[in-house]
Amino acid sequence: MSLVLKKLLGFPSLFTKLLSGFLAVILLLTAFNLVSFFYLKRQIHNEIVKYNELGMNHAARGYENQFRLTREMVLGLNQDPLWTAYVNLLRQVKDNRAYGYVNDVIAGMKRLYTNPFFDMDNLIIYFQKDHYVVEKDGTSSAKAMFGTYYESPSYTPAFWKEQFGEAYAFKVFPAARFFEQMPGSTRSKGNLMPVVIKMTPYKDMYLIAMLDAEGLARDLQSALNGSFYILDPEGRPLYTPAAGPSVSALPDFASFDEKQSFIQTGDSYYFYKKGKDTGFLYVNKVTVQSISAQLLKLNLLLLSLLAVVGLLIILTYVFSRRVHLPIRIMVDTLRKDEPEPTPGPVREIELISRRVMHMRSTHQRISRDLARKNSILRHYAYVNRLKNIHMNLSELRELADASLPYVMIVYQIIFKEGYAEYHLEQEKGAYYIREYIDHIWQQSYPESVTIQTEPQQVLSIVFLPNESMETDTSLRHLQGVFNLDRGSYLVTMAEGPVQPAGAPFTAAYSQVTSMLRKRMLRDQTQWIRPGDGDPEKEGGCFKALWEQEFQNRLLSGSEESIQEWIRKSLAMLEKKGALARDYHRFAKDVAGELDKLLRSLNLTAAYEAAHVPPLDVTLDFYSPDQYDTWFRRLLDPALQLIRRKTENHDPITSFVMTYINDHLEEDINLDMMADKLNITSGYLSSYFKEKTGLNFSDYLNDIRIRTAKDMLQNLDLRIQDVAARVGYQNVNSFIRMFKRQAGMTPGEYRKKYAS
């Protein structure tokens, strides 16, 4: 290639060697990428198929576990002798006059249909004798239940009556749409999958678990991107997608090998898995086109690569042709200027470097000579620098006339979202604002100087004929203009006091910039004058009382709870008339506490990957609503991580938390909870700590004190009553624990916060 370029360009040079090397690298990289592409294309296809297989296995396992848990948990109700006794009384409800036990039976079922992991819309007991049902809302006749409240063309009241004569203990029925038919209105209950469980030895009753088919699909089919079906052992559909093809369009899976995980027929892949417990067949149909579409990006990448390679070769050739002549002319010219031209091939780089160094030294010598002799040119350069965007005060003191009294005004600019409509950079926008401010002051005070000290900060130094002159008229005019444009930007004007002639600029500048800290969180132009407010007042620090409440609410994982806390905190800051910097300080404290909590839960790395908003953006906020949005974006990823950490638990943690919430007034301790779970207290303590990040006693005290804070808002309750209702029989123990958690006694808390 070097010889070809030599012939093409006409002379051997370093440039031809570099160009040939560059082209060789391009071709080698192109060959490597082509080989890699064809190898990886097949690998990626296999990985996509494997991903679909894993998604199918995950969905099948999930549904199998769901059906098994539904059966076990419903049958587990029969293990409670008291609940069984109530059900036996309800079997002969009229003879036993047992209507009063309905709520007790519903309470036993509540922990099933309220558990979000079961996706259970309702749990119904159907009694044959009186043809009535017991469900989460109470009792009703079977005819009303299945003809009005859970009406479906596929499941009539006669259908449910026929199930008493069917010989099975557990059966899953096809999902169907259920409706609540009321006079004049019809309300959809959703797509529900009935599951019938018959308890031995009762033949005159059975239970119906209404599973939310769409909820199960959202939870268990998240890794799938095709059309998902569930078929019973006879091939009848139990679940079909809303927009997918009918079951009749599926191939006959009876002849396929169960050891295989997918087949390809026509233009579709069919991934299938047979359930070990139920015998159901789970099928996911993925079109070949959808898998090919993912590989299409690789084909486009290949075409792009080839196009880039071709373009690079063309550009390299064009570049070599255009650069060749100037370089050769430059080398020939420099060679002639050499004191003693060297014969033979020229070392271009060495020659050019030597001549450039010579020109540089000559330029430096001329520049030093001009700097010494041309003071008028230097003064002119300083004047231009004074009017430039950036300027520091040490130079300003030398150039500006300080023989007159003056006033400094600082303008802090906040560009809003509406400014993007003008398609201008913020630096250019600040320049136009500075030019307009300078124009206004020049009209009244020609000696005034307006410069830009920071990217979003402008400074005016207004020189006055005497100290009694006022600047309100011009500032009021600027305020009106800025108010007209406040849809695009906001300006906070800080006017310093009149400085006597000869007063140093540095102290006056420090004083007037400190006044910007008085800015309020308002969507309007603000004019801060000397003596307005106290710049050092504390209006929004993160109180120790809020710290514990914030941690508790965040650890609860409840989005509604943390949003309520945000609204409450911002409302308190607004009520106290907090400054913008107080809101920023509060946001900084919250971010700090959040970081400490996430570190304690080992969630920092996962949280940092969530792209949360930075703290610095709050410096330009001008309304509490912006902070509300910022806090949500800051805390929502943390809530999701905490919920994910706390939700990855089994019934042990769930039982402990539920029992504490339901029996808060009782004397609860670790040993008692361990006995109820039939495990050791040491195991329960370490297990609870691992799952929640909190010790059992800390969690219990946090729940009790947080509940007590809410009760203290009720002035009709005595402190002794509040202590008893949250589980403290000794009021002194309650007061000590409350002060330890909240930083003040219950009486002080009530006096300070009770409405």
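Structural notes, computed from the coordinates. (Residues numbered from 1 in each chain as written. Predicted model: local features only at pLDDT ≥ 70, side-chain atom pairs only at ≥ 80, totals over all residues. Heavy atoms only, no water.)

## Regarding the overall build of the protein
And then number 1: Across its full length, the protein holds 27 helices and 17 strands.
And then number 2: When each of the 755 residues of the protein is scored for burial, the buried share is 42%.
And then number 3: Pairs at least 24 apart in sequence give 63% of the contacts found in the protein among residues at least 6 apart.
And then number 4: Only carbon and sulfur atoms are counted for the fraction: they give 54% of the accessible area of the protein, which is about 41,300 Å². (Helix = DSSP H or I, 4+ residues; strand = E, 2+ residues; numbered from the N terminus. Buried < 20%, exposed > 50% of the residue type's maximum accessible area, 1.4 Å probe, protein only. Contact = heavy atoms within 4.5 Å. Areas by Shrake-Rupley, 256 points an atom, 1.4 Å probe, with all protein chains shown as cover.)

## Some remarks on a nonpolar patch on the surface
And then number 1: Among the surface-exposed residues, L300, L303 and L306 lie close enough to one another that they form a single nonpolar patch of about 280 Å² accessible area.
And then number 2: Within the element layout of this structure, L303 appears in helix α9 (residues 288-337).
And then number 3: Its relative accessible area of 54% is what places L303 among the exposed residues. (Patch = residues over 30% accessible without salt bridge, like charges linked within 9 Å, V, L, I, M, F, W, Y side chains within 5 Å. Salt bridge = Lys/Arg side-chain N within 4 Å of Asp/Glu carboxyl O.)

## Some remarks on helix α21 (residues 651-662)
And then number 1: When the terminal C-alpha atoms of α21 are compared, their 16 Å separation across twelve residues agrees well with the 16 Å that a helix rising 1.5 Å per residue should span.
And then number 2: Turning to α21, its buried residues number three or more, namely I652, T653, V656, Y659 and I660. Considered in projection along α21, the buried side chains sweep an arc of 135° and stay on one side of the axis. Across from the buried face of α21, at angles greater than 90 degrees, the exposed residues are P651 and D662.
And then number 3: Each element contacted by the buried residues of α21 is listed here: α22 (670-677), α23 (681-692) and α24 (696-712). (Expected span 1.5 Å × (residues − 1). Arc of directions from axis to C-beta.)

## So, the nonpolar core
And then number 1: If you look at the biggest cluster of nonpolar residues, it comprises 63 residues, and the most contacted ones within it are L594, F631, I660 and F734.
And then number 2: Of all the elements, helix α20 (residues 624-647) adds the most residues to this core, at nine residues.
And then number 3: Excluding residues that lie within four positions of it along the chain, I660 makes contacts with I668, F696, Y699, L700 and I703.
And then number 4: Membership of the second largest hydrophobic core comes to 51 residues, among which are V105, I125, V134 and Y239. (Core = buried A, V, L, I, M, F, W, Y, C linked by side-chain atoms within 4.5 Å.)

## Observations concerning the sheet that holds strand β14 (residues 449-454)
And then number 1: Here five strands make up an open sheet; going across it, the order is β14-β15-β13-β16-β17 and the pairing mixed. The sheet is open, and its two borders are formed by β14 and β17 (526-528), each paired with just one other strand. On average, each strand axis in the sheet is tilted by 20° relative to the strand beside it, whichever way the strands run.
And then number 2: As defined by bridge partners, strand β13 (residues 406-415) adjoins strand β16 (residues 489-495) across seven bridges and the pair is classed as antiparallel. When the sheet's bridge partners are listed, Q412 is paired in β16 with T492.
And then number 3: Packing of helix α14 (residues 472-484) onto the sheet brings it into contact with β13, β16 and β17, and relative to β16 it is tilted by some 165°.
And then number 4: Most of the contacts of helix α15 (residues 505-514) go to β13, to which it runs at about 40°, and overall it touches β13, β14, β15 (457-463) and β16. (Pairing = 2+ DSSP bridges. Axes fitted to C-alpha atoms, helices over the stretch in contact; angles between N-to-C directions.)

## Remarks on the side chain of Q66
And then number 1: With respect to the helices, strands and loops of the structure, Q66 is situated in helix α2 (residues 14-76).
And then number 2: Overall, the relative accessible area of 8% leaves Q66 in the buried class.
And then number 3: Excluding its chain neighbours within four sequence positions, the residues that come into contact with Q66 are F117, F118, D119 and L216.

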